[in-house]
Amino acid sequence: VVSVESSLQKQEQDFKAGQSEVVLQVQRLAKNLVTLNCQLDNLKNNGSEKTCCPIDWLEHESSCYWFSQSDKSWPEADQNCQLQNSHLVVVTSLEEQKFIEKHKRSVPSWMGLTDQNGPWRWVDGTDYERGFTYWSSNQPDDWTGHGLGGGEDCAHFSYSGRWNDDVCQRPYHWICEIELGKTS
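Every chain is numbered on its own, with residues counted from 1 as its sequence reads. Under the rules for a predicted model, residues below a pLDDT of 70 receive no local features and side-chain atom pairs below 80 are neither given nor counted, while totals for whole chains, interfaces and linings still include all residues. Only hydrogens and water are set aside when side-chain values are computed; all heavy atoms of the structure are taken into account.

1. Digging into unusual backbone geometry
Stated formally: A run of H or I in DSSP counts as a helix once it spans at least four residues, and a run of E counts as a strand once it spans at least two, with each numbered from the N terminus. Only protein chains enter the accessibility calculation, which uses a 1.4 Å probe. A residue is then buried if its area is under 20% of the maximum for its type, exposed if over 50%, and partly exposed in between.
Backbone torsion omega between Gln 139 and Pro 140 reads -5°, so that peptide bond is classified as cis. Positionally, Pro 140 belongs in the loop between strand 5 (121-122) and strand 6 (154-157). Of note in the backbone geometry, Glu 61 takes a positive phi value of approximately 50° without being a glycine. Note on placement: Glu 61 falls in the loop between strand 1 (58-60) and strand 2 (63-67). Judged by relative accessible area, Glu 61 falls into the exposed class, the value being 52%. A positive phi angle, near 50°, is found at Asp 142, a position not held by glycine. Note on placement: Asp 142 falls in the loop between strand 5 and strand 6.

Below, the structure is given as structure tokens:
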């Protein structure tokens, strides 16, 4: 009886684990179905009006965001976003900052902010001087003690989500952004 009871408990645990996996797969399929239906609508109107984000991109307000799963230098990350008809993320509000923090996990990630050619500027031309900032304390500092040559000319989200300047050649994850109406 004890052996049968133990066997039944094991089967019940296996069933519950399998059930959880099925639920996750159904949720993923539902999300993909919504995206595919949206893309089908885009095709029906000959792409004249984009109303959804590409597959594997997240929508927030009027933008779509893509979070990398690998590391690249800032110039390589910038080029990767451009190849996806987007740009490195430009943060314009605390709400957007919190959305990014929630989805980037706690890994350093490049954003579209640099002072490589003079003053700090956003890659899409957004006004840096009058815009939102979220620098860590005492940042940006253009630190040269890292031994890699030069200063720190590219901005990234640190582990905490606060902004930091770093050497542009350092490999980090990155985040691409595109306005919802401009997806292709």
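Continuing now.
2. With respect to the nonpolar core
Under the convention used in this document: Throughout this description, the term nonpolar core refers to a set of buried Ala, Val, Leu, Ile, Met, Phe, Trp, Tyr and Cys residues connected via side-chain atoms within 4.5 Å. The contact criterion used is simple: two residues touch if any of their non-hydrogen atoms lie within 4.5 Å.
Grouped together as the largest cluster of nonpolar side chains are 19 residues, with contacts concentrated most on Ile 100, Met 111, Leu 113, Trp 122, Phe 157 and Trp 163. Elements with a minimum of two residues in this core: strand 2, helix 3 (94-104), strand 4 (109-114) and strand 6. Leu 113 has contacts with Trp 74, Trp 120, Arg 121, Trp 122, Tyr 128, Trp 135, Asp 153, Cys 154, Ala 155 and Trp 163, leaving out every residue within four places of it along the chain. The next biggest cluster of nonpolar side chains, apart from the first, holds 15 residues, and it includes Cys 81, Tyr 172, Trp 174 and Leu 180.

3. Considering the pairing of strand 2
For the record, the criterion: A pair of strands is treated as paired once DSSP finds two or more bridges between them.
Across the 5 residues of strand 2, 4 count as buried, placing the element largely inside the fold. Bridge count for strand 1 against strand 2 is 3 bridges, and the pairing is antiparallel. The partner of His 60 across the bridge, within strand 2, is Ser 63. Counted along the chain from strand 1 to the antiparallel partner strand 2, the turn is 2 residues long, and its residue Glu 61 has a positive phi close to 50°. Note that strand 2 and strand 8 (residues 173-179) share 5 bridges and pair antiparallel. Counterpart to Ser 63 in the pairing with strand 8 is Glu 179.

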